[in-house]
Amino acid sequence: MSYDLFDMGILNIEDIFESFFDKRLNSLMIKHCDIEPILDSISHRREFELINLGLSVQNIQINGIKIGKGQNKIFFYSQMHGNESTGTKVIFDIINFISKRGKYSTLIDKILKHATVYFLPMLNPDGANIYSRFNAQNIDINRDSLALQSPEAKILFSAVDEFKPHFIFNLHDQRRIFNVKNSNQPAFLSFLSPCVDDKGTISQSMTKSMGLIAKVVEDMNKVIPDNISKFSDEYYPTASGDNFQKMGYPTILIEAGNTKDDFNKNIIRKFKFQTIVKSIIYICKNIDYNSYLDKYWAIPSSDKKMLDIIIKDLKIISNGKEAIVDIGIIKEEKFENGNLIQRGYISQMGDLSDYYSHKYINANRGLFSCGKYHIPKIDQKADFNIGDKRININLQM
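Conventions adopted
Residue indices begin from 1 for each chain and proceed along its sequence in written order. Reporting of local features is limited, given that this is a predicted model, to residues whose pLDDT is at least 70; pairs of side-chain atoms are given and counted only at 80 or more, and all residues count toward the totals for whole chains, interfaces and linings. The basis for the side-chain values is all heavy atoms of the structure; hydrogens and waters are excluded. Numbering of helices and strands starts at the N terminus; helices are DSSP runs of H or I of at least 4 residues and strands are runs of E of at least 2. For this measure, only C-alpha atoms enter the radius of gyration; the expected value for a globule follows 2.2 Å times N^0.38, where N is the number of residues. Every residue pair with non-hydrogen atoms within 4.5 Å of one another is taken to be in contact. Each accessible area value is a Shrake-Rupley result obtained with a 1.4 Å probe; residue values ignore everything except the protein chains displayed when judging cover. Here the rule is simple: two strands pair whenever DSSP picks up at least two bridges between them. Note on geometry: axes are lines fitted to C-alpha atoms, helical ones only across the stretch in contact, with angles between N-to-C directions running from 0 to 180 degrees. Here is the rule for angles: anything less than 35 degrees is roughly parallel, anything more than 145 is roughly antiparallel, 65 through 115 is roughly perpendicular, and the remaining ranges are oblique. Helix crossings fall into two classes, left-handed where the near helix is turned counterclockwise from the far one by less than a right angle and right-handed where it is turned clockwise. Per-residue confidence from the predictor is reported as pLDDT, which spans 0 to 100. Here, the term nonpolar core denotes a set of buried Ala, Val, Leu, Ile, Met, Phe, Trp, Tyr and Cys residues that are joined through side-chain atoms within 4.5 Å. Residue exposure (1.4 Å probe, protein chains only): buried if accessible area is under 20% of the type maximum, exposed if over 50%, otherwise partly exposed. Buriedness for pockets is judged along seven lines, at least five of which must meet protein on both sides within 12 Å for an open set on the 1 Å grid over protein atoms alone, while cavities are sets there where a 1.4 Å probe fits but cannot get out, and lining residues have an atom within 4 Å of a point. Grid points are joined across faces, edges and corners, and a volume is the space filled by probe spheres set on the points. When residues are sorted by character, Ala, Val, Leu, Ile, Met, Phe, Trp, Tyr, Cys and Pro go into the nonpolar class, Asp, Glu, Lys and Arg into the charged class, and all the rest, Gly among them, into the polar class.

Trainee: Would you explain the overall build of the protein chain in this entry?
Mentor: For the protein chain, the helix and strand inventory stands at 10 helices and 18 strands. At 22 Å, the protein chain has a C-alpha radius of gyration in line with the 21 Å of a compact globule built from 397 residues. Taken along its principal axes, the extent of the C-alpha atoms in the protein chain is 75 × 45 × 45 Å. The long-range share in the protein chain, meaning contacts at least 24 apart out of those at least 6 apart in sequence, stands at 75%. Split by element, the accessible area of the protein chain, about 17,400 Å² in all, is 45% carbon and sulfur.

Trainee: Hey, could you run me through the sheet that holds strand 2 (residues 61–67) in this one?
Mentor: In any sheet, the strands associate via hydrogen bonds between backbone groups, in a parallel or an antiparallel arrangement. Pairing is mixed in the open sheet, where 8 strands are placed in the order 1-2-4-3-5-9-7-8. Each edge of the open sheet is held by one strand with a lone partner, namely strand 1 (48–55) and strand 8 (228–230). With direction set aside, neighbouring strand axes in the sheet form an average angle of 20°. The pairing of strand 7 (residues 189–192) with strand 8 spans 3 bridges and is parallel. Directly across from Phe191, in strand 8, lies its bridge partner Lys230. Contacts from helix 6 (residues 151–163) reach strand 1, strand 2, strand 3 (72–78), strand 4 (115–120) and strand 5 (167–173), with the element oriented near 170° to strand 3.

Trainee: How should the packing of helix 7 (residues 204–220) against helix 9 (residues 266–285) be read in this particular structure?
Mentor: Think of two packed helices as two axes; the pair is described by the angle between the axes and how far apart they sit. Where helix 7 contacts helix 9, the two axes come as close as 10 Å, and the packing angle between them is 130°. Looking at the two axes, helix 7 sits oblique to helix 9. As for the relative orientation of helix 7 and helix 9, their crossing is right-handed in sense. The residues of helix 9 that touch helix 7, namely those facing Leu212, Lys215, Val216, Asp219 and Met220, are Phe271, Gln274, Thr275, Lys278, Ser279, Tyr282 and Ile283.

Trainee: Quick question: what am I supposed to make of the confidence of the model for the protein chain here?
Mentor: Any segment with low pLDDT has predicted coordinates that should not be analysed in fine detail. Per-chain confidence: the protein chain averages 94 in pLDDT, with 96% of residues scoring 70 or above. Contacts for the low-pLDDT stretch residues 5–11, under 50 throughout, to residues beyond four places or in other chains number 20 contacts.

Trainee: Is there a simple way to think about the sheet that holds strand 17 (residues 389–392) in this case?
Mentor: If you walk across this open sheet you meet the 3 strands as 15-16-17, and the pairing is antiparallel. Both edges of this open sheet fall to strand 15 (368–369) and strand 17, since each of them pairs with a single strand only. One ladder, built from 4 bridges, connects strand 16 (residues 383–386) with strand 17; its direction is antiparallel. Bridging from a neighbouring strand, Asp383 pairs with Asn392 of strand 17.

Trainee: Looking at this structure, I do not really get the nonpolar core. What am I missing?
Mentor: For soluble globular proteins, the rule of thumb is that nonpolar side chains tend to be buried together. With 79 residues, the main nonpolar core has Phe76, Phe92, Phe169 and Leu212 as its most contacted residues. Counting residues per element, this core draws most heavily on helix 9, which supplies 10 residues. By size, the runner-up hydrophobic cluster in this structure holds 19 residues, among which are Tyr77, Ile141, Ala153 and Ile155.

Trainee: It is not clear to me how the pairing of strand 4 should be interpreted in this structure. Could you clarify?
Mentor: The two faces of a sheet get side chains in turn, since along a regular strand they alternate between them. The buried count for strand 4 comes to 6 of 6 residues, which makes it a mostly enclosed element. Along strand 4, one buried face is formed by Ala115, Val117 and Phe119 and the opposite face, lined by Thr116, Tyr118 and Leu120, is buried too. In this structure, strand 2 lies alongside strand 4, joined through 3 bridges in antiparallel fashion. From the neighbouring strand, Ile65 faces strand 4, where its bridge partner is Phe119. Bridge count for strand 3 against strand 4 is 6 bridges, and the pairing is parallel. By the bridge assignment, Lys73 is partnered in strand 4 with Thr116.

Trainee: Would you mind going over empty space enclosed by the protein with me for this structure?
Mentor: Vacant regions in the atomic arrangement are exposed by a probe of water-molecule size rolled over the atoms. For the structure shown, the criterion picks out 2 cavities of 30 Å³ or more. Around the largest cavity, the lining residues are Ile94, Phe97, Ile98, Ile108, Ile111, Leu112, Val117, Val277 and Ile280. Here the lining of the largest cavity is built from residues that sort into 9 nonpolar, no polar and no charged. Considering only enclosed or pocket space, the second largest cavity measures out at about 40 Å³ in volume. Contributing to the lining of the second largest cavity are His32, Ile35, Leu39, Gln61, Ile62, Asn63, Pro121 and Met122. Every element with two or more residues in the lining of the second largest cavity is listed here: helix 2 (32–43) and strand 2. Partitioned by chemical class, the residues of the lining of the second largest cavity number 5 nonpolar, 3 polar and no charged.

Trainee: What's the story with the layout of surface pockets in this structure? I'm lost.
Mentor: Quantified by volume, the second largest pocket comes out at close to 170 Å³. Elements that contribute at least two residues to the lining of the second largest pocket include exactly strand 1, strand 2 and helix 4 (105–114). Per-element accounting of the lining of the second largest pocket gives the leading share, 3 residues, to helix 4. For the lining of the second largest pocket, the residue count by class is 3 nonpolar, 1 polar and 8 charged.

Given below as structure tokens:
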């Protein structure tokens, strides 16, 4: 292609997001009923093809959405873990962008001329309806790529086999504990070109996905320079991304991370939107992926050292013996009695000087107490006293 798609007016993708952000999807928990009216609207638009792919365990329709007539075939799948919805929201933001166009009509026409984009926005509707990682069989769909015992995994692999994409994007959300290694910065976005084996083999498909990741990260570093990491490249033989890569499909994992006080993850959503739009454009431009390989290896790794709160210099007593420790609290979302609750849990205890946190509290050697006990337990709720001050991390969302 002789032209630069960025000359078509897409100079500020952040502004595009603000214009086409789909306000109908503004919660951390996105259920199938939330996307049904959007799917119905899409079914009446000629430029989109709404595809009935099959039924979940609980007989909920799983749909694919296809648009474009270009030779570059790009496949996105999201919410295979029902409690990971950021990718789903971004998919519908992009569909909103394509539908409404505004002043970007020429750009969109160019993209759709050179790409065919296939979205599978919610692979696990049963899990989504109860904010669960697992499907209704309690199977992790992302560990069912060989056995194919879940209907959802069968649907995914069948859709890919029929479409035969040139790139696959696997969209996930990662836990709050992830930071950029050796840094006090949370990982807003983490990328990975999944492995094909446990021997360190670099396949042709990996080369392409690594190069594309590196180019996109180069751009995104101008927006969030300290908050991008490379996800663990451990080989998972039963995972979907590893198997698609092994089958020869260049595959990219994008993990949406967390920021302080962004419970619905709309800030992260914006960054993920920018990432995906840039990725589509670079695929259309057929960039030289090999030329960016060195930059892929330069992306800092992820680590698991980020906590929401660290309480320092806390006195504990066990069997009459005192100690001064730090405790780390991490916030997690739980679906209870029809509501999404964010609770704090004690996740670490001891010397936490090598951990990072959004907030620090100095206990000043105040005594921990929870009922008659003066020693914390890992995974207990963050509802306790330091001296006469109560600490309770609990938020209904």
